[in-house]
Amino acid sequence: MTDKHSDETSAEEPQVVREGEVVEESSTTHAPSEPEGGAEVISGEVVIEEPAAEIDPAAEVKAQLDERTADLQRLQAEYANYRKRVERDRESVVAGAKAQVVVEFLSVLDDVERAEAHGDLTGAFKAVADKFSAVLTKTGLEAFGHEGEPFDPSVHEAVQHSTSPDVDGPTVTGVLRRGYRFGDRVVRAALVAVTDAEPTTASAD
């Protein structure tokens, strides 16, 4: 009875470590266990880390396809605009070259018109003149400047001026030299005589 009591007493008493002795830690002491499953302990709370969301390969491919499609559409639009600009420039250069050639023949047309006015345009000469005029008209040359048409300073050059009660406004009453336009450009203004309406005088009371 005495031995049993002494054993229990010795088990409860703290172990005295003497100088030079090594005390081994009890095998019952364990480090705090970590939560399983990659959990993180913060201030005594267990936080479960959620796995990162996976990227949908189909969505990524679609986004890349949309981007490439937009790039292709932009390039197509730029190329279409480039072709239109080149075509406009080409047409402008061709029209300018034709206009320069046509202008060189205007003096010949003036001679033909004067010959016709004097009654000298007959026979074979008239046939050649008619063909020549038809070819120039086919290329786009158009004559203007006729008596009775309204005066337009953008296409008419007035060299004579008079007034008359027979007209309501500035009117071409004489053509000294025919004008010509080629397409939408005036290659030569018409020299004309202009007649304006006479100003009305106020009647006396």
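Parameters and conventions
Residues numbered from 1 in each chain as written. Predicted model: local features only at pLDDT ≥ 70, side-chain atom pairs only at ≥ 80, totals over all residues. Heavy atoms only, no water. Pairing = 2+ DSSP bridges. Helix = DSSP H or I, 4+ residues; strand = E, 2+ residues; numbered from the N terminus. Axes fitted to C-alpha atoms, helices over the stretch in contact; angles between N-to-C directions. Parallel < 35°, antiparallel > 145°, perpendicular 65-115°, else oblique. Left-handed = near helix turned anticlockwise from the far one by under 90°. Contact = heavy atoms within 4.5 Å. Nonpolar A, V, L, I, M, F, W, Y, C, P; charged D, E, K, R; others polar. Buried < 20%, exposed > 50% of the residue type's maximum accessible area, 1.4 Å probe, protein only. Expected span 1.5 Å × (residues − 1). Core = buried A, V, L, I, M, F, W, Y, C linked by side-chain atoms within 4.5 Å. Phe/Tyr/Trp six-rings, centres within 6.5 Å; stacked < 30°, edge-to-face > 60°.

**Student:** Help me understand the sheet that holds strand β4 (residues 156-164) in this model?
**Tutor:** For sheets, the rule is that strands pair by backbone hydrogen bonds, running either parallel or antiparallel. The strand order across the open sheet formed by 3 strands is β4-β8-β5, and the pairing between neighbours is mixed. A strand with exactly one partner marks an edge of an open sheet, and here the two such strands are β4 and β5 (171-177). When strand polarity is set aside, the average angle formed by the axes of neighbouring strands in this sheet is 25°. Judged from the 8 bridges that link them, β4 and strand β8 (residues 190-197) form a sheet pairing that is parallel. Across the sheet, Gln 160 pairs through a bridge with Ala 193, a residue of β8.

**Student:** Honestly, the packing of helix α3 (residues 106-117) against helix α4 (residues 123-139) in this entry has me stumped. Any pointers?
**Tutor:** Across the interface, α3 lies against α4 with an axial gap of 11 Å and an inter-helix angle of 135°. By the criterion of interaxial angle, the relationship of α3 to α4 is oblique. The hand of the α3/α4 crossing is left-handed. Counted together, Val 108, Leu 109, Val 112 and Ala 115 of α3 and Phe 125, Ala 129, Phe 132, Ser 133 and Leu 136 of α4 form the full contact between these two elements. Grouping the constituent residues of the contact of α3 with α4 by class yields 8 nonpolar, 1 polar and no charged.

**Student:** Would you explain the side chain of Thr 171 in this entry?
**Tutor:** Along the polypeptide, Thr 171 turns up in strand β5. Classification of Thr 171 as buried rests on a relative accessible area of 15%.

**Student:** Looking at this model, I keep getting lost on the sheet that holds strand β7 (residues 185-188). Mind explaining?
**Tutor:** The antiparallel open sheet is built from 3 strands, whose spatial order is β3-β6-β7. Where the open sheet ends on each side, the last strands, each with one partner, are β3 (141-144) and β7. Sheet twist, expressed as the average angle between the axes of neighbouring strands with direction ignored, equals 35°. With 4 bridges connecting them, β3 and strand β6 (residues 179-182) associate as antiparallel partners. Bridged to Leu 141 within β6 is Phe 182. With respect to the sheet, α3 is in contact with β3, β6 and β7, its orientation differing from that of β6 by roughly 140°.

**Student:** Would you explain helix α2 (residues 57-104) in this entry?
**Tutor:** In an α-helix there are 3.6 residues to a turn, and that puts residues three or four apart on one side. Relative to the 70 Å expected for 48 residues at 1.5 Å per residue, α2 spans 71 Å between its end C-alpha atoms, a close match to the ideal helical length. Inspection of α2 places Gly 96, Ala 99 and Val 102 among the buried residues, and these make up the whole buried set. Against α3, α4, β3, β6 and β7 lie the buried residues of α2.

**Student:** How should I be thinking about the nonpolar core in this particular structure?
**Tutor:** Soluble, globular proteins show a tendency: their nonpolar side chains are buried together. Residues Ala 99, Val 102, Leu 106, Leu 109, Leu 136, Leu 141, Tyr 180 and Phe 182 constitute the largest nonpolar core, which totals 8 residues. At the level of secondary structure, the elements contributing two or more residues to this core comprise α2, α3 and β6. Phe 144, Val 155, Val 192 and Val 194 belong to the second-largest nonpolar core, a separate cluster that totals 6 residues.

**Student:** Would you take a moment to explain the environment of Glu 157 for this structure?
**Tutor:** Mapped onto the elements, Glu 157 comes out in strand β4. With residues up to four places along the chain from it excluded, the contact list for Glu 157 reads Ala 190, Leu 191 and Val 192.

**Student:** Looking at this model, I keep getting lost on the environment of Val 192. Mind explaining?
**Tutor:** As for its placement among the helices and strands, Val 192 is situated in strand β8. For the pair formed by Val 192 and Val 175, sequence separation is 17 residues and the distance between their alpha carbons is 4.5 Å. Apart from the residues lying within four places of it in its own chain, the contact partners of Val 192 are Phe 151, His 156, Glu 157, Ala 158, Val 159, Gln 160, Val 172, Gly 174, Val 175 and Leu 176.

**Student:** Quick question: what am I supposed to make of the packing of aromatic side chains here?
**Tutor:** How two aromatic rings sit relative to each other is set out by the distance from centre to centre and by the angle between their planes. With the rule as written, the count across this model stands at 1 aromatic pair. Consider the rings of Phe 105 and Phe 132, whose centres lie 5.5 Å apart with planes at 65°: the pair is edge-to-face. Of the two residues, Phe 105 sits in the loop between α2 and α3 while Phe 132 sits in helix α4, which places them 27 residues apart along the sequence. Classification of Phe 105 as partly exposed rests on a relative accessible area of 32%. With a relative accessible area of 23%, Phe 132 lands in the partly exposed category.

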